[in-house]
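Secondary and tertiary structure notes
One-letter residues, chain by chain:
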Amino acid sequence: AGIDAAKQLAAWTAVDEHVLPEHKIIGIGSGSTVPFVVERIVAQGKELNQTRVFLPTGFQSKELIVNAGLTLGDIDQYSDLDVTIDGADEVDKSLNCIKGGGACHLREKVLAEAADTFIIVADYRKNSQTLGTTWKQGVPVEVTPFAYVSLLKNLRKMGSETATLRMGKAKAGPVVTDNGNFVIDAPFRSTRYEKPDEILREIKMLTGVVEVGLFCHMAKAAYFGNEDGSVTIRL
Ligand code: DER
């Protein structure tokens with residue numbers, strides 16, 4: 001099966017097991033796997049979905065919810081979620097994740113934390129023993145634009161010698177997040193990724209950092225769609 005079939009498989013299996021009729025307040029992540037999550041929830045039927053609200057993790061996620069005819073909820077009103085489902089850029093054996101490939105990790109982490117259950121859905125390319133094995137772009141760090149130069153210096157001093165400001169592809173200048181901030185991608189030597197929560201804490205303490213794309217000890221389960229049409233579930 002191709003990558004998309006693997007994403008769909010992970011998403012459908014996770015929704016079938018973790019988005020049950022009693023779950024009413026649901027966080028929807030960002031990226032190219034979550035559209036399969038939304039399509040599977042829509043398939044649960046209009047009647048059930050009219051009893052639910054769906055909270056987005058950014059512009060793309062909001063569009064997904066609106067275009068699927070699902071009801072948008074605001075986190076200010078629904079601050080306790082039943083379940084949040086999201087993709088990831090890489091997942092290690094302890095379910096620590098690198099997230100932020102889509103520059104949405106600030107709101108993703110807020111909704112992941114606010115949910116009773118946080119579930120990761122991904123294709124087989126994200127299934128690693130240690131972070132940094134397949135994802136080479138580094139740890140995505142959302143930063144306030146005012147501090148990006150000093151942060152590049154401090155991240156390089158911290159051991160990320162090749163930390164770089166994420167530039168737009170179809171846009172001159174840097175990527176700007178849904179929150180009006182910049183993203184620095186900070187690669188580390190592979191041994192550093194063995195203790196992702198140490199990198200997380202060190203980066204988070206740097207002045208000007210808004211949020212770090214390392215989700216440590218947050219996911220309750222990860223669903224990986226495999227090339228052979230099977231699903232790997234890690235708890
Ligand atoms: O930015 C993120 O963390 C998104 O969840 C994204 O990176 C997930 O990747 P995907 O497009 O492979 O689902």
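Residues numbered from 1 in each chain as written. Predicted model: local features only at pLDDT ≥ 70, side-chain atom pairs only at ≥ 80, totals over all residues. Heavy atoms only, no water.

Now for the packing of aromatic side chains. Applying the stated criterion to the full structure yields three aromatic pairs. Ring geometry for Phe 118 and Phe 215: centres 6.1 Å apart, planes at 35 degrees, overall tilted. Separated by 97 residues along the polypeptide, Phe 118 in strand S6 (residues 115-123) and Phe 215 in strand S11 (residues 214-215) bring together distant segments of the chain. According to the relative accessible area criterion, Phe 118 is buried, its value standing at 1%. Measuring from centroid to centroid gives 6.3 Å for Phe 188 and Tyr 193, while their planes differ by 90 degrees, and the two rings are edge-to-face. The two residues Phe 188 and Tyr 193 agree in class, both being buried. (Phe/Tyr/Trp six-rings, centres within 6.5 Å; stacked < 30°, edge-to-face > 60°. Helix = DSSP H or I, 4+ residues; strand = E, 2+ residues; numbered from the N terminus. Buried < 20%, exposed > 50% of the residue type's maximum accessible area, 1.4 Å probe, protein only.)

Time to look at unusual backbone geometry. At Leu 95, a residue that is not glycine, the phi angle is positive and equals roughly 70 degrees. Mapped onto the fold, Leu 95 is located in the loop between strand S4 (90-91) and strand S5 (97-98). Owing to a relative accessible area of 4%, Leu 95 belongs among the buried residues under this scheme. In the Ramachandran plot, His 217 falls in the positive-phi region, its phi being about 55 degrees despite a non-glycine side chain. You can see His 217 is positioned in the loop between S11 and strand S12 (221-225). Exposure remark for His 217: the relative accessible area of 58% places this residue in the exposed category.

All we've got here are geometric facts, nothing functional implied.
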